[in-house]
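# Report on the structure
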Amino acid sequence: MSQKICIGVAGLGTVGSGLVEMLQKNHDDILRRTGREIFIKAAAVHDLSKKRRLPPETVLTDNPMSLADDPDIDIVVELMGGTTAARHLILRAIENGKSIVTANKALLAEYGQEIFSLAAKKNVAIGYEASVAGAIPVIQTLKNSLAGNHITSVLGILNGTSNYILSEMNSRGLDFPTALKAAQEMGYAEADPSLDIDGFDAAHKLTLLIRLAWGRHYPFANLSVEGIRRVDPLDIEFARQFGCRIKLIGMAEEKAGKIKAGVFPALVRSTMLLARVNGAFNAVRIEGNAVGSLFLHGLGAGSRPTASAVLGDLLALAKRNVLNSADDNTGFVDDLPLADFLSPDEAVNPWYVRATVRDTPGVLRDIAGVFAQENISFAQLIQKEKQDDRVSLVFLTHATQGRAIRSATGALERSGILLVPATCYRILENRDHEAEGA
Ligand code: NAP
Ligand code: HSE
């Protein structure tokens, strides 16, 4: 016999409208899986005059707080985004004992401690699968499927908009603004797209993954974050000549109890699986001491793929007899301690360095001298034909610490050799099991 579950949906934009559509389209499947009718009792939006495709009985309001206070609503689904109204709504709904489903990584990265601790106090469940990597079930994977592992690293492409932009620049030669506009039109970008292109959206997601992988609180503000705004078509072309693709990477590794984490553009060898993740697809590679290496790949943004993750959480809650149960929110039983940090500058990688200089005799010798002082050795060099009297020199280094690269390029800038600041990207190397055909 079916029992009705009442939900309140705050936000009917890209994700919210996908949720409404899929609830209607997959109604019979959902009923067979859960034995429950999921009924949207009310939905909240900004603009009441816009046309919405809602079931006729659903009440439309511009007051999201009314969802938190409605005694008939069992689950509040927060799909508004932002950290102000969404935070108030979620805290009030938890206070009132309602289960939560949200796709809001910014909120959980910045206010997760507050929200999870209130949920634990009130014994309320929070589903947030859609908050990281869209349709990819990475939250459940870390929280449940890999719970028996000691995780050693989490590495991935976590922002669909940036990946779409870089893919379009690479394959179609689009310039940055045209590719960004296309990503916005597809519904991939955040309301404020600087969150996407400046790396903060990926950093929000990485903060959540660190929490799930190691049970540590890594304050978002402590993450080292660099976006893709400065990626020049020249770098994309040079990367191709070196057999690489440029990708925005989120990376976290655990070494002797300390966590090294950051978001940065990197050259990825084209034989790596990550290099083949294109368009709005995301991917996450997780390494654990039992599982070895696991690679998850799927659509990281967009209406239906994100709604798929929201629905997964919703159905899991609807199936439970007791909706309010906080046992599984963070994946760890105790409050999460602060992480011990290790600077990503201590990571050892090969590096790509592009220097724009005046084409004069001896310039290469001077640059090589500065790098030699930092003990950096070159693996490859390309010189691009000069334009006017400027020339781009591109070096690939052998493995070296980020700190040494920063110090060498700083010295070059101070010496006046560089016409513009050097562009420096890490190069991610193959792992044996990832090599093509392996
Ligand atoms: P969106 O298209 O901008 O939609 C936001 C919705 O929330 C709109 O319906 C808007 O109303 C409503 N809204 C915003 N603030 C409100 C307020 N204060 N009161 C009432 N209604 C309000 O956003 P989205 O792309 O669907 O993203 C929603 C959430 O999902 C965000 O947290 C985002 O980070 C996350 N997410 C998005 C994607 C994606 O692919 N887009 C993927 C994963 C996660 P109006 O319709 O009247 O403007
Ligand atoms: N703006 C985000 C992205 C949406 O492009 O990945 C998914 O979180």
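Residues numbered from 1 in each chain as written. Chains lettered and ligands numbered in written order. Predicted model: local features only at pLDDT ≥ 70, side-chain atom pairs only at ≥ 80, totals over all residues. Heavy atoms only, no water.

Bringing the pairing of strand 4 (residues 75–78) into the picture now. Along strand 4, one buried face is formed by Ile75 and Val77 and the opposite face, lined by Val76 and Glu78, is buried too. Bridge count for strand 4 against strand 5 (residues 99–102) is 4 bridges, and the pairing is parallel. Bridged to Val77 within strand 5 is Val101. For the handedness criterion, the β-α-β arrangement of strand 4, helix 4 (residues 85–95) and strand 5 is classed as right-handed. (Buried < 20%, exposed > 50% of the residue type's maximum accessible area, 1.4 Å probe, protein only. Helix = DSSP H or I, 4+ residues; strand = E, 2+ residues; numbered from the N terminus. Pairing = 2+ DSSP bridges. Right-handed = clockwise from strand over helix to strand, strands pointing away.)

Before going further, it helps to spend a moment on the site of ligand 1. With respect to spatial proximity, 24 residues lie near ligand 1, and among them Leu12, Val15, Asp47, Glu190 and Gly302 are the closest. One nitrogen or oxygen atom from the main chain of Asp47 is found 2.7 Å from an oxygen atom belonging to ligand 1. Surface burial for ligand 1 is 83%, taken as the share of its 900 Å² of free accessible area covered by protein chains. By residue class, the composition of the shell around ligand 1 is 10 nonpolar, 9 polar and 5 charged. (Near = heavy atom within 4 Å. Polar contact = N/O pair within 3.5 Å; in protein donor to acceptor, adjacent residues only side chain to side chain. Areas by Shrake-Rupley, 256 points an atom, 1.4 Å probe, with all protein chains shown as cover. Nonpolar A, V, L, I, M, F, W, Y, C, P; charged D, E, K, R; others polar.)

Domain boundaries in the protein define domain 1 (4–135 + 304–318), domain 2 (138–299) and domain 3 (347–428). Here the C-alpha centre of domain 3 lies 25 Å away from the C-alpha centre of domain 2. Taken together, the contact pairs 21 residues of domain 2 with 16 residues of domain 3. Three residues stand out in domain 2 for area buried against domain 3, namely Phe238, Phe242 and Leu267, and they jointly supply 37% of the buried area on that side. (Domains from an automatic or database assignment. Contact = heavy atoms within 4.5 Å. Buried area = accessible area lost by both parts, 1.4 Å probe.)

Our next topic: the sheet that holds strand 6 (residues 126–127). Ordered in space as 3-2-1-4-5-6, the 6 strands form an open sheet in which the pairing is parallel. Bordering the open sheet on either side are strand 3 (59–61) and strand 6, each of which pairs with just one other strand. Of the strand pairs in this sheet, strand 1 (residues 3–10) and strand 2 (residues 36–44) are connected by 8 bridges, and their pairing is parallel. Residue pairing across strands places Gly8 opposite Ala42, the latter belonging to strand 2.

Overall, the coordinates contain 8 aromatic pairs when judged by the stated rule. Where Phe116 meets Tyr128, the ring centres are 5.4 Å apart and the plane angle is 55 degrees; that geometry is what we call tilted. Residue Phe116 is located in helix 5 (residues 105–122), and its partner Tyr128 is located in the loop between strand 6 and helix 6 (138–145); the two are separated by 12 residues in the primary sequence. The class for Tyr128 is buried, based on a relative accessible area of 2%. The interplanar angle of 20 degrees and the centroid separation of 4.5 Å between the aromatic rings of Phe378 and Phe395 together place this pair among those described as stacked. (Phe/Tyr/Trp six-rings, centres within 6.5 Å; stacked < 30°, edge-to-face > 60°.)

When two helices pack together, their arrangement is given by the angle between the helix axes and the distance between those axes. Closest axis-to-axis distance for the helix 1 (residues 14–25)/helix 12 (residues 303–319) pair is 8 Å, and the angle between their directions is 65 degrees. Of the possible angle classes, the one that applies to helix 1 and helix 12 is roughly perpendicular. The two elements helix 1 and helix 12 meet at a crossing, and its hand is right-handed. Listed contacts from helix 12 to Thr14, Val15, Ser17, Gly18, Leu19, Glu21, Met22, Leu23 and Lys25 of helix 1 are Ser303, Arg304, Thr306, Ala307, Val310, Leu311 and Leu314. (Axes fitted to C-alpha atoms, helices over the stretch in contact; angles between N-to-C directions. Parallel < 35°, antiparallel > 145°, perpendicular 65-115°, else oblique. Left-handed = near helix turned anticlockwise from the far one by under 90°.)

This part is about the site of ligand 2. Lining the immediate surroundings of ligand 2 are Lys105, Asn159, Gly160, Thr161, Tyr188, Ala189, Glu190, Asp196, Asp201, Lys205, Gly300 and Ala301. The side chain of Thr161 places a nitrogen or oxygen atom 2.6 Å from an oxygen atom of ligand 2. Taking Glu190, its side chain carries an N or O atom lying 2.7 Å from a nitrogen atom of ligand 2. Taking 250 Å² as the accessible area of ligand 2 by itself, protein coverage stands at 93%. In a pocket analysis with a 2 Å cut-off to the grid points, ligand 2 is assigned to the largest pocket. Those elements giving two or more residues to the shell around ligand 2 turn out to be helix 7 (160–172) and helix 10 (200–214). Of the residues that constitute the shell around ligand 2, the class distribution is 3 nonpolar, 4 polar and 5 charged. (1 Å grid on protein atoms, 1.4 Å probe; cavity = no way out; pocket = protein on both sides within 12 Å on 5 of 7 lines; lining within 4 Å. Sits in = over half its atoms within 2 Å of the grid points.)

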